[in-house]
Amino acid sequence: MKQAEARLVEALNGIAADTALVLGSGLGGLVDEVESPVRVPYGDLPGFPQSGVTGHAGEVVAGYLAGAPVVMLSGRAHYYEHGNAAAMRPALDVLAGIGIKKLILTNAAGSLEPEMGPGSVMLIEDHINFSGTNPLFGEPSDKRFVGLTEAYDPGMRAALLKAALDTGTDLHKGVYMWFSGPSFETPAEIRMARVMGATAVGMSTVPEVILARFLGLRAAACSVITNLAAGMSGSELSHQETKEMAPLGGKRLAAILKEYFRAGGNV
Ligand code: HPA
């Protein structure tokens, strides 16, 4: 067993989680809702990303959300930080190693649909990898040819949609297009993305979903919409705006996720 796996198993002390949640912008507050939490800083877990966008090191928070055992990853590495699309591979590998079977990813995204404005939440049904890279570059085994036909698990998607319905929360559905960042897109790129079939654009999640499928984890993902995409609102995009708007949709998504776990998730 790897050192990080052993450290996590020890910290979990019997918390039998089969689902891990990666907290993106706007979802950070969810760690405060974990009952009987145990916290392990990424610094104690070799291979976990050592600094995130905000410069703060992340942590694993495990415990119970709405009564169900869960492992949360607060803080993720992005491709644009170091140009490494596989930056999350060691962490996801450790999760798989300690018995996690399902991964729910959350992120902030720009919307291509005028009626899906800031504060909306979108269930990702499929993605377009527009980055030109792949987290499995260099992987030598034939396992690298991973199928992505049902990358976003149908059962988990259905359970998330039901949780949205049961909490009276609007949950849009759409296709997430991965741009490398860190610069935002141009209006021309957004027009292209729309023609290609995208519903939202963002700078994360896709490499993690590819890695999850590679590792045999079932995956689901939701976006909190922080802005209309470039050229749609008449104003310049900024990271500041993204950070300010993320908690709006974040609260909605937190309600959906809590209901998902309360109802037993998807088995
Ligand atoms: N583009 C890319 N990533 C984003 C955006 C966007 O408009 N908003 C939040 N993350």
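Details of the structure are given in the entry above.
Residues numbered from 1 in each chain as written. Predicted model: local features only at pLDDT ≥ 70, side-chain atom pairs only at ≥ 80, totals over all residues. Heavy atoms only, no water.

1. Regarding the overall build of the chain
Reasoning step 1: When helices and strands are tallied, the chain shows seven helices and nine strands.
Reasoning step 2: For the chain, whose C-alpha radius of gyration is 17 Å, the value lies close to the compact-globule estimate of 18 Å for 267 residues.
Reasoning step 3: When the backbone C-alpha atoms are referred to their principal axes, the chain occupies close to 50 × 45 × 35 Å.
Reasoning step 4: Burial statistics for the chain: of 267 residues in total, 51% are counted as buried.
Reasoning step 5: Restricting to contacts in the chain with at least 6 residues of sequence separation, those with at least 24 account for 82%.
Reasoning step 6: Roughly 11300 Å² of accessible area belongs to the chain as shown, and the carbon and sulfur atoms make up 52% of that amount.
Reasoning step 7: In the chain, 21 positive and 27 negative side-chain charges are present, and the distance between their average locations comes to 3 Å. (Helix = DSSP H or I, 4+ residues; strand = E, 2+ residues; numbered from the N terminus. Rg over C-alpha atoms; globule rule 2.2 N^0.38 Å. Buried < 20%, exposed > 50% of the residue type's maximum accessible area, 1.4 Å probe, protein only. Contact = heavy atoms within 4.5 Å. Areas by Shrake-Rupley, 256 points an atom, 1.4 Å probe, with all protein chains shown as cover. Lys, Arg positive; Asp, Glu negative; His and termini not counted. Charge placed at Lys NZ, Arg CZ, Asp CG, Glu CD.)

2. Concerning the site of the ligand
Reasoning step 1: Contacts to the ligand come from A108, A109, G110, F184, E185, V201, G202, M203, T226, N227, L237 and T242.
Reasoning step 2: Separating a nitrogen atom of the ligand from a side-chain N or O atom of E185 is a distance of 2.8 Å.
Reasoning step 3: Within the residue set of the shell around the ligand, elements represented by two or more residues are β5 (102–111), β8 (200–202) and β9 (218–228).
Reasoning step 4: Per-element accounting of the shell around the ligand gives the leading share, three residues, to β5.
Reasoning step 5: By residue class, the composition of the shell around the ligand is six nonpolar, five polar and one charged. (Near = heavy atom within 4 Å. Polar contact = N/O pair within 3.5 Å; in protein donor to acceptor, adjacent residues only side chain to side chain. Nonpolar A, V, L, I, M, F, W, Y, C, P; charged D, E, K, R; others polar.)

3. Quick look at the nonpolar core
Reasoning step 1: Grouped together as the largest cluster of nonpolar side chains are 49 residues, with contacts concentrated most on L8, F48, V60, V71 and L73.
Reasoning step 2: Those residues in contact with L8 that sit more than four places away from it in its chain are V40, L45, F48, V60, V94 and I98.
Reasoning step 3: Formed by 30 residues, the second largest nonpolar core is a distinct cluster that contains L27, V31, A159 and A254. (Core = buried A, V, L, I, M, F, W, Y, C linked by side-chain atoms within 4.5 Å.)

Just geometry here; none of it tells us what the structure is for.
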